[in-house]
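Here is how the chains run, residue by residue.
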Amino acid sequence: MDSTALLLASTLSAGTVLAIASLGLLINEKAGIVNLGAEGMMLCAAIAGFATVVHTGNTWLGFAAGMAAGAVLAALFGGLVIWLNTNQYATGLALTLFGSGFSAFAGINYVQEKLPEQTLYPIPFLADIPFIGPALFRQHPMVYIAMALTAALIWFLYRTRAGLVLRSVGESPESAHALGYPVRRIRLAAVVAGGALCGLAGAYVSVVYTPLWVEGMIAGKGWIALALTTFATWRPARVLLGAYLFGGVTMLQFHLQGLGVDVPPQFLSMLPYLATIVVLVLISRNPLWIRINMPTSIGKPFHPGA
């Protein structure tokens, strides 16, 4: 495979992790909830998905297990911040710390385990097109599912009544409550759905992207996904494009190393995080752009009796 086509193919795979997790966090934030626990949820989902595939040999059951793990942890987070009004930022950080420790403990016996060989899924005829075929049409189905999820979320948020209600809960929960909508239950549903998507992203990492289990293998992807929602100004299509941008930066380090470019490996390893910081700084130069798109109640507790 041509090196440029290989870089493009690996960019799509790396961006899929960030895209799915960012879409989940975007659903949370559209409902007015900030979940800083994405890293911990993805780690727990990664070991849950990996262990499931080890014991069953079924990749899709591994994805389901990852989604379940993410949803359960998100429900715990949601119960604390929505019903008990704990601080969203502190609770999210606690969830990340818990997920890091629990996944390391639960994964002790799986460090040396290997998964069954992955099945290739080339799209007939399209996969044989020179350059484009190997780059775009020989991906795991989850890559295309991420694109479909983006389209589905755009339709849900901006073309359905349920999406309008969800956005109203994030914009003005008091007004939504006055109209009779169960704000807390809607927020909990959004948090659980977002957690399930973060779990799917975590399972994808350990089952497909790097099919093994290593402690801390998410390696900051949860934090980058969190930054992506701001980078994309809470727009699903921009989330997908941003995910591929950061995925490309991530894979560029390996591409340059393979070409023998004389750049310190430490610098190449920091490229994704450096790109995250640079993008956030550039966006912050125009606060009006963020203010127009940001849900106004994001990060704030809801008091129905107020």
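Above this text sits the structure in question.
Participant: Before we go on, may I ask you to explain unusual backbone geometry in this structure?
Facilitator: Backbone phi values are negative for most residues with the exception of glycine, while trans is the configuration of most peptide bonds. Despite not being glycine, Asn 85 shows a phi value in the positive range, around 55°. Looking at the secondary structure, you find Asn 85 in the loop between helix H3 (59–83) and helix H4 (88–106). Its identity as a non-glycine residue notwithstanding, Phe 125 has a phi of 70°, on the positive side.

Participant: Looking at this structure, I do not really get H3. What am I missing?
Facilitator: Each full turn of the α-helix corresponds to 3.6 residues, which orients residues three or four apart in the same direction. Taking 1.5 Å of rise per residue, 25 residues should cover 36 Å, and H3 covers 35 Å from first to last C-alpha, within 8% of that figure. If you check the start of H3, you find a side-chain oxygen 2.9 Å away from the backbone N of Trp 60, and it comes from Asn 58. Directly after H3, the chain includes Asn 85, whose backbone phi takes a positive value near 55°.

Participant: Looking at this model, I keep getting lost on the packing of helix H1 (residues 3–30) against helix H9 (residues 183–209). Mind explaining?
Facilitator: Where H1 contacts H9, the axes come no closer than 7 Å and their chain directions differ by 165°. What the angle tells us is that H1 and H9 run roughly antiparallel. Once H1 is placed against H9, the crossing between them reads as left-handed. Across from Ser 13, Ala 14, Thr 16, Val 17, Ile 20, Ala 21, Leu 23, Gly 24, Leu 25, Ile 27 and Asn 28 in H1, the residues of H9 making contact are Ala 190, Val 191, Gly 194, Leu 197, Cys 198, Leu 200, Ala 201, Tyr 204, Val 205 and Tyr 209. Of the residues in the contact of H1 with H9, the class split is 16 nonpolar, five polar and no charged.

Participant: Sorry, what's going on with the environment of Leu 8 here?
Facilitator: As for its position among the elements, Leu 8 is in helix H1. For the pair Leu 8 and Tyr 244, spaced 236 residues apart in the sequence, the C-alpha separation amounts to 9.5 Å. Once residues within four sequence positions are removed from consideration, Leu 8 is found in contact with Ala 135 and Leu 136.

Participant: Would you mind going over the state of the cysteines with me for this structure?
Facilitator: Simply put, the disulfide is a covalent bond whose two ends are the sulfur atoms of two cysteines. Overall, the coordinates contain zero disulfides when judged by the stated rule. Free cysteine: Cys 44, not disulfide-bonded; nearest cysteine sulfur from Cys 198 at 12 Å. Residue classification places Cys 44 among the buried residues on the basis of a relative accessible area of 6%.

Participant: In this structure, what is going on with the environment of Asn 293? I would like to understand it.
Facilitator: Topologically, Asn 293 is positioned in helix H14 (residues 287–293). Taking the relative accessible area as the measure of exposure, Asn 293 reaches 12% and is therefore buried. Residues Asn 293 and Val 278, spaced 15 residues apart in sequence, show a C-alpha to C-alpha distance of 20 Å. Apart from residues no more than four positions distant in its own chain, Asn 293 is found in contact with Thr 233, Trp 234 and Arg 235.

Cut-offs applied
Residues numbered from 1 in each chain as written. Predicted model: local features only at pLDDT ≥ 70, side-chain atom pairs only at ≥ 80, totals over all residues. Heavy atoms only, no water. Helix = DSSP H or I, 4+ residues; strand = E, 2+ residues; numbered from the N terminus. Expected span 1.5 Å × (residues − 1). Polar contact = N/O pair within 3.5 Å; in protein donor to acceptor, adjacent residues only side chain to side chain. Axes fitted to C-alpha atoms, helices over the stretch in contact; angles between N-to-C directions. Parallel < 35°, antiparallel > 145°, perpendicular 65-115°, else oblique. Left-handed = near helix turned anticlockwise from the far one by under 90°. Contact = heavy atoms within 4.5 Å. Nonpolar A, V, L, I, M, F, W, Y, C, P; charged D, E, K, R; others polar. Disulfide = S-S within 2.5 Å. Buried < 20%, exposed > 50% of the residue type's maximum accessible area, 1.4 Å probe, protein only.

Remember that the coordinates give geometry; whether it matters functionally is a separate question.
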